Structures are given as structure tokens and as C-alpha cells.
Amino acid sequence: MQLNRDDLKRAYRTMMTIRAFEERVEKEFADGTIPGFAHVYLGQEASGTGICFDLTDEDQIGSTHRGHGHCIAKGCEVEGMFLEIMGKQGGICGGKGGSMHIADMDKGMLGANAIVGGSPPIAVGAALTQKLRRTGRVAVAFSGDGASNQGTTLEAMNMAVVLQVPMIFVFENNGYGEFTSAEYSVGAPSLTDRAAAFGMPAQSVDGGDFFAVQAAMREALEHARAGKGPYALETHCARFLGHFVGDPQKYRGPDELAAARANDPILRFRSKVADAALLETAELDEIDAEVRARIDAAAAAAREAPLPALATLEADVYVKY
Amino acid sequence: MAVISYRKAINQALEQEMARDESVILMGIDVGGGTGGSGDVGSVGGVMGVTKGLYPKFGPDRVIDTPISESAIIGAAAGAAVTGMRPVAELMFVDFIGVCLDQIYNQAAKFRYMFGGKARTPLVIRTMGGAGMRAGAQHSQNLHPILTMIPGLKVVMPSNPYDAKGLLIKAIRDDDPVVFLESKALYDMKGEVPEEAYEIPFGEANILRDGRDATIVAFGAMVPRAMQAADRLAKDGVKVTVLDPRTTSPLDEEAILDSLDETGRLIVVDESPPRCSLAADVAALAVSQAFDALKAPVGMVTCPHTPVPFAPNLEDAYIPSVERIVEAVKNTL
């Protein structure tokens, strides 16, 4: 299906929001306003945006430790996300979750997950709910190349096939599980082939190309929504930064890093729509400015926001001693 | 009132809750049994027959045979729970938490707190524990201490058929993850159980016997043994209170402390190795909260710090015996 101008603007706005959000996270982290760790999604914007583009709030996703982009693509508000990441009152999870645990049930965001391979089994369960309730909706598990080697992921793939649940396994292969290359750590010649061996259709797609990801996801959605069981997509991405903000990345050569930046998914999107005269450059620039202003305001507000009340420390554990 | 087994009481609770609420589903290894085979599907009903008859009644969408993939079973049940179902997942033996603990303690147990109170995970994990079946070191443990220390989990240890039914119904209706630890030594235990559905609240101890000389706190399969010990002690004129907390978390601290106020002597019977056991936990409660009431050191009757041995004589020696309970009580007098 052809994307109209509004669709294109929406896709671009999402990608730019992720970009601006993550660049701001990088800066805030350097300033010391973000406690703990931060794993950013810079360079992978087209993947999450393309995957979530045709999902509704009733479709559910499980995410990873590198989950900010997935949250934004699924509709989480950046204001609440900044508050959460800074551990502030009013954060999406009340400051109890942090960067690696952002969830928003109303948006179908079942949680970023700091356990590599944590989400796939949970997403199978969400897909089971969709199947039993005959909603026509799906569940998506985002994993990286690292999680593709976890037993939980492999169990989940088999279980999803056995139970024939409407689920899409998305493997964002950014080439590295932490600091070790996928080329080394994935024993099979191809992640896609390995997923297919579980008995589900699987395809590999250029994760830097929004249009390719979105088109592949449409096929996956059609398959899952038709009750044909799970589907797997491998999106080949390139991480701009290291595993976490501040990682010196000595394990990656300068050529590789330069190539990743040269293949910037946002620049690719811009030139594609400009070359095809689908959107004006000025329209894209206008979105950039709007997004940057929103991010600036959200981050500034979060910096100033109060900390969570100490009384919330023991809330929501349902047994106190 | 009908007299039925502990096994049947659990089965009845499941059947009644499934009939009442369509969102209640069962999933696990062979909970129906026989799926995909050439014979009678659903004829098994779990390795101990606890879910027998439910597959024929509720069908494959609600009694779901799964692959032997504990992480996927517990994780999928957690995912189904957080999206609106009320799954009862069966983890066949509690010994198998080793291959799915992440999905229990890092995932399901944390959702509500970690997500700022906005997630609800009405998940029940039915599992069985305890020694005495000659099942060897990997099918005989009672791992309630590991589960009890996890914030976000409720842990239930029913000690008789009446409690098994009422506590399981409560567990299914509860909006948070509950581990329901059945005792395989008790499956054939008979007792009076009302036909209609009823709930037993969590965190409310059951005082099975009232006596002023000492308080025996016992968990799960140790409760019937504590009662036998109480009978023997009564013959010697020693009258003890037998208190079954029913749930290890929440723990009815008040009932334990109230009883200790009256008796001044405490014996805890826990089928678990001693370190970080419920025996140690309840002893610490008494020492920290009721030191002045104690007339004698707390008696702790536990298993030795070993895996469960296979040889029948060794296994019998491993489990706290009636004799050891009697002796422990006498040591406090």
C-alpha cells in the first residue's frame, strides 16, 4: 500500500523524535542528570519506526534494554520518558523503572527489558491473549542479535509456532551483543534462517531503510492477523554509539563507525522522499524544528522536576514487612 | 460435607474458577496430556493427575499442553496475565525453577512495582515440592525460601484439602503473582471440603490446636507431622499450639507473636535446609520482636544442609520427623 503525505510525515516525525530524544539522552548523561546506564537507539530509528508504524495501541510489544526508540515508536510520551529516565516524579513508571524498564500498558508497550531474552516469552503470552480473545491484534517481541542466542528466545519461538499465536519476532541485528560481534557469537550462518528453522516464515531486511522495514512488517502482520501463526523479521541495523553511552568502542574500527554514520537512516529517508518529490525539504525541516523544541522542553522540565516522594518506596509491592 | 483428597480439592478449585471466569486458563506440560498423539487427548491431566478431567470439559484453548520449555511456559503465562488473562501455569516440580526463575522473579514479580503500579499480573504458578517420594535430588526439594524472599511474589503452602481449595481460589482471584506450592506427600490426604467455592485469605494463620506450653509453627507437609507430635506430647501432659501460617509471604507475624506471648516457647518445623529457611526467618521474628516473651531458645527443626538423598532410609532421615519435633519441644520445656 502506498504511503500518503501524512503517513510519510508521521514516519519522519517518529524517527526524528527518536533521534532528538537519544541525542539529548547522550548529552544529559554526560551532564550527569541521568543516573545509572543509558543504551541509546541512535542509528536504528528506521527499524523500530517501520515495525511499529502499522500497529495500534491494542497491539503489544515487548522491548529490550535499548528500548527508548521502541517506546517512542509505540506512542509513549517523551515528557514522561525523560522524567522516568531521570528518576523523577511523574515518570511513566513513577521513577521506579528507569531507562531499561519503561512500560506503558495503555499504549501496548509491555516493557523495555534489561534481561537479554526477557521479552520473547512474555510476548508469546500477550499473543496468546490476542488469539484466545480473537482480537485480530498481534504481539511483537523485539530482540537483538545477542538475545537470539538466549534459550528463552529459542523456547519462545518454538512455543509460538506450537501454539500458533499471532506474533512477530523482530531481531534487530546491530552487529554487536554488548561488545562482541554477531558474526562471532551467532553460530548459524544466518539469524533469519535459524528463525525459519523453527517453522515460521522469516525474512531479512535492511533496517536502515524505513520503507523496507515497514513493507516487510506489513507482510508479517498480514500473516499473523490471518491466524497463520508467528513470523520473524531480521532488521540489519548499525549502532552509531557503543553498547552504552560512554563506551569508547575500541572493538570497532574507524571505517565501520564512519560507514554507519554515512548510512544514516534519517538522511536516507530525507533523500528518498525529496528525490521522489513526496515531501518538501522545508516540510522536513519544519518537523525537525518542532521535534527539537519539544525534546528541549521535555528534558528541561524533567531536569527541574521533583524526585519521587519517599513514601512511594514501598508502594505497589503488596506485602510489607 | 464431602470428604475428598487434597488432589481433588485442587482440581475442584480449578474447575469451579474456570467455569466462573473465562479468562482463567491452564498451561503447562501435560496439563491436558496427549496432545498430538494418536490416542485419547486430555486423558492425563498432569503428571500427578491434578488437572484430570479439565481438558475434556474446557478444551484445548483453555487447557493448553505446552512444550517442555519452562521459561516459555512461565513467561507466556506472565505475558498473558499482564494482558488480561488469569493463567494458572503448572511448573511440574518446583525443582525446575532453575530453568525459568528469570521469568518469575525478574519479570512477573516485578511488573507492578517496576512499572509504577500500572501493570497487573494475575498469575498463579502451581507447582509441587517436598521429599518422601523416593524421587531423588532433582525432584524432591521444597524451594519456598527462595521464592519467599522475592518481593512481588505471594507464596502459598497448603497443608490440607480444605485449605488447598480455598487458598487456590483466592490465588486465582488475586491480581498479583502467586506461587502455589503443593505438597506431593499430601495429594492423597483426605479431608472435609465444601462443594461450593470459597476463599481463604492470604496472611491469616490457621491455629489447628491451642495449648499453652509451647507454639509449633509448621509449613505445608510439616503441619500433619506437627499435629502428630502434638498428640504424642499431649500423652505426656504437654499441651502445644500448632500454628500453620498457610502462606509464607505474606506471613501472619501477628498470629505467631500473639501465640508466643501466651506460650513463651517456639519451635519451627520447616522442610528445608537450615540456612535462610523459614525456620530461621520465624526464629529471627521471635528474637527481634518478642525477645522478652521467650522462656527458652527457639527450636528449629529442619532438614540437613544437603541435597535430598535417594536411598529410602537416608531420605526418611532427611525429612523432619515426628520424633525430632517432639524432642525439640521437650528441649524448650
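Residues numbered from 1 in each chain as written. Chains lettered and ligands numbered in written order. Predicted model: local features only at pLDDT ≥ 70, side-chain atom pairs only at ≥ 80, totals over all residues. Heavy atoms only, no water.

1. Focus: helix α5 (residues 119–132) of chain A
Here comes step 1: The terminal C-alpha atoms of α5(A), which comprises 14 residues, lie 20 Å apart, in line with the 20 Å expected from a rise of 1.5 Å per residue.
Here comes step 2: Of the residues flanking the end of α5(A), it is A:Arg134, one or two places downstream, whose phi is positive at about 50 degrees. (Helix = DSSP H or I, 4+ residues; strand = E, 2+ residues; numbered from the N terminus. Expected span 1.5 Å × (residues − 1).)

2. Looking at the confidence of the model for chain B
Here comes step 1: Per-chain confidence: chain B averages 97 in pLDDT, with 100% of residues scoring 70 or above.
Here comes step 2: With pTM at 0.95, the complex prediction returns an ipTM value of 0.93. (pLDDT = per-residue confidence, 0-100.)

3. A word on the pattern of salt bridges
Opposite charge on two side chains allows them to pair when their charged atoms are near.
Residues and elements named next belong to chain B.
Here comes step 1: Inspection of every chain in the model, using the stated rule, returns 42 salt bridges over all chains.
Here comes step 2: Residues Arg 86 and Asp 21 are paired through a salt bridge, measuring 3.9 Å at the closest nitrogen-oxygen approach. One end of the pair, Arg 86, is in strand β4 (residues 86–93); the other, Asp 21, is in the loop between α1 (6–20) and β2 (24–28), with 65 residues separating them in the sequence. By the burial criterion, Arg 86 is buried, and Asp 21 matches it. (Salt bridge = Lys/Arg side-chain N within 4 Å of Asp/Glu carboxyl O. Buried < 20%, exposed > 50% of the residue type's maximum accessible area, 1.4 Å probe, protein only.)

4. Overview of the interface of chain B and chain A
Reports of interface size often rely on the accessible area that becomes lost once the parts have come together.
Here comes step 1: Across the contact, 45 residues belong to chain B and 42 residues belong to chain A.
Here comes step 2: Approximately 3,300 Å² of surface area, both sides summed, lies buried where chain B meets chain A, with 65% of it carried by carbon and sulfur atoms.
Here comes step 3: A per-residue breakdown of the area chain B buries against chain A is headed by B:Thr83, B:Tyr113 and B:Phe115, which together make up 21% of the total.
Here comes step 4: At the junction of chain B and chain A, the tally comes to one salt bridge.
Here comes step 5: Between B:Asp61 and A:Arg134 there is a salt bridge whose closest N-O contact spans 3.7 Å.
Here comes step 6: Taken together, the links from chain B to chain A amount to 15 residue pairs in polar contact (both at pLDDT 80 or more).
Here comes step 7: Elements that contribute at least two residues to the side of chain B that touches chain A include exactly β2, β3 (63–65), α3 (70–82), α4 (101–107), α5 (111–114) and β12 (247–249) of chain B.
Here comes step 8: Here the element with the most residues in the side of chain B that touches chain A is α3(B); it accounts for nine residues.
Here comes step 9: For the side of chain B that touches chain A, the per-class residue count stands at 20 nonpolar, 16 polar and nine charged. (Contact = heavy atoms within 4.5 Å. Buried area = accessible area lost by both parts, 1.4 Å probe. Polar contact = N/O pair within 3.5 Å; in protein donor to acceptor, adjacent residues only side chain to side chain. Nonpolar A, V, L, I, M, F, W, Y, C, P; charged D, E, K, R; others polar.)

5. Describing the pairing of strand β13 (residues 266–269) of chain B
Residue and element names in this part refer to chain B.
Here comes step 1: Of the two faces of β13, the one carrying Leu 266 and Val 268 and the one carrying Ile 267 and Val 269 are both buried.
Here comes step 2: Both strand β10 (residues 214–218) and β13 contribute to a ladder of four bridges, which runs parallel. The residue bridging Ala 218 from the neighbouring strand is Val 269, located in β13.
Here comes step 3: The pairing of β13 with strand β14 (residues 299–301) spans three bridges and is parallel. Each bridged residue has a counterpart across the sheet, and for Val 268 the counterpart in β14 is Met 300.
Here comes step 4: Assessed by its sense of winding, the connection that carries the chain from β13 through helix α10 (residues 278–289) to β14 is right-handed. (Pairing = 2+ DSSP bridges. Right-handed = clockwise from strand over helix to strand, strands pointing away.)

6. A short note on the UniProt feature "domain: Transketolase-like pyrimidine-binding" (unreviewed entry) in chain B
Here comes step 1: What UniProt calls "domain: Transketolase-like pyrimidine-binding" (unreviewed entry) maps, in this numbering, to residues 4–189 of chain B.
Here comes step 2: End C-alpha to end C-alpha, residues 4–189 of chain B measures 8 Å, and it is 33% helix and 18% strand. (UniProt positions renumbered as here; feature names shortened; annotations may be inferred.)

7. Focus on unusual backbone geometry
Here comes step 1: B:Pro250 follows B:Ser249 through a cis peptide bond whose omega is 0 degrees.
Here comes step 2: One can find B:Pro250 in the loop between β12 and α9 (253–263).
Here comes step 3: For A:Tyr318, which is not glycine, the phi dihedral falls at a positive 55 degrees.
Here comes step 4: Here the phi dihedral of B:Arg246 falls at roughly 70 degrees; this positive angle occurs in a residue that is not glycine.
Here comes step 5: Among the structural elements, B:Arg246 can be located in the loop between β11 (240–244) and β12.
Here comes step 6: Judged by its relative accessible area of 11%, B:Arg246 falls in the buried class.

8. Looking at the sheet that holds strand β3 (residues 167–173) of chain A
All names here are of chain A.
Here comes step 1: The sheet built from five strands is open, its strands ordered β1-β2-β3-β7-β6 with parallel pairing. Strands at the two margins of the open sheet, each flanked by one partner only, are β1 (60–62) and β6 (202–206). Between one strand and the next, the sheet's axes are offset by a mean angle of 20 degrees, whatever the strand orientation.
Here comes step 2: Sheet analysis places β3 next to strand β7 (residues 231–236), joined by six bridges and oriented parallel. Note on β7: the bridge partner recorded for Phe 169 is Ala 232.
Here comes step 3: In the packing of helix α2 (residues 45–52) onto the sheet, the strands contacted are β1, β2 (139–144), β3 and β7, and the crossing angle to β2 comes to about 165 degrees. (Axes fitted to C-alpha atoms, helices over the stretch in contact; angles between N-to-C directions.)

9. Observations regarding the sheet that holds β14(B)
All names here are of chain B.
Here comes step 1: Strand order in the open sheet made by the five strands is β9-β11-β10-β13-β14, with mixed pairing throughout. Looking at which strands have only one partner, the edges of the open sheet turn out to be β9 (206–209) and β14. Between one strand and the next, the sheet's axes are offset by a mean angle of 20 degrees, whatever the strand orientation.
Here comes step 2: This element, helix α8 (residues 222–235), spans β9, β10, β11 and β13 of the sheet and lies at about 175 degrees to β11.
Here comes step 3: Where α10 meets the sheet, it contacts β13 and β14, and its direction lies at approximately 160 degrees from that of β13.

10. What about the environment of A:Tyr176?
Residue and element names in this part refer to chain A.
Here comes step 1: By the element assignment, Tyr 176 lies in strand β4 (residues 176–177).
Here comes step 2: On the basis of relative accessibility, which here comes to 12%, the residue Tyr 176 falls in the buried class.
Here comes step 3: It is 27 Å that separates the C-alpha atoms of Tyr 176 and Val 161, two residues lying 15 residues apart in sequence.
Here comes step 4: Not counting chain neighbours up to four residues away, the residues in contact with Tyr 176 comprise Asp 145, Ser 181, Ala 182, Arg 239, Tyr 251, Arg 252 and Glu 256.

11. With respect to the state of the cysteines
Any covalent bond linking the sulfur atoms of two cysteines counts as a disulfide.
Here comes step 1: Taken as a whole and assessed by the stated rule, the structure comprises zero disulfides over all chains.
Here comes step 2: Cysteine A:Cys93 shares no disulfide, and the gap to the nearest cysteine sulfur, in A:Cys71, comes to 8.4 Å.
Here comes step 3: Looking at A:Cys93, the relative accessible area reads 0%, which means it is buried.
Here comes step 4: You can see B:Cys303 has no disulfide; the closest cysteine sulfur is in B:Cys276, sitting 15 Å from it.
Here comes step 5: For B:Cys303, a relative accessible area of 2% corresponds to the buried category. (Disulfide = S-S within 2.5 Å.)

12. Let's talk about the packing of aromatic side chains
All names here are of chain A.
Here comes step 1: Applying the stated rule across the entire model yields 14 aromatic pairs over all chains.
Here comes step 2: A ring pair is formed by Phe 53 and Phe 210, whose centres lie 5.4 Å apart and whose planes are at 80 degrees; its orientation type is edge-to-face. With a gap of 157 residues between them, Phe 53 in the loop between α2 and β1 and Phe 210 in helix α9 (residues 210–225) connect regions that are remote in the sequence.
Here comes step 3: We classify Phe 53 as buried; its relative accessible area is 5%.
Here comes step 4: With a relative accessible area of 2%, Phe 210 lands in the buried category.
Here comes step 5: Their ring planes at 10 degrees and their centres at 6.5 Å tell us that Phe 169 and Phe 171 sit as a pair that is stacked. (Phe/Tyr/Trp six-rings, centres within 6.5 Å; stacked < 30°, edge-to-face > 60°.)

13. What about helix α6 (residues 151–163) of chain A?
Here comes step 1: With 13 residues, α6(A) should cover 18 Å at 1.5 Å per step; its first-to-last C-alpha distance of 18 Å lies within 8% of that length.
Here comes step 2: Every buried residue of α6(A) is listed here: A:Thr152, A:Thr153, A:Ala156, A:Met157, A:Met159, A:Ala160, A:Val161 and A:Leu163.

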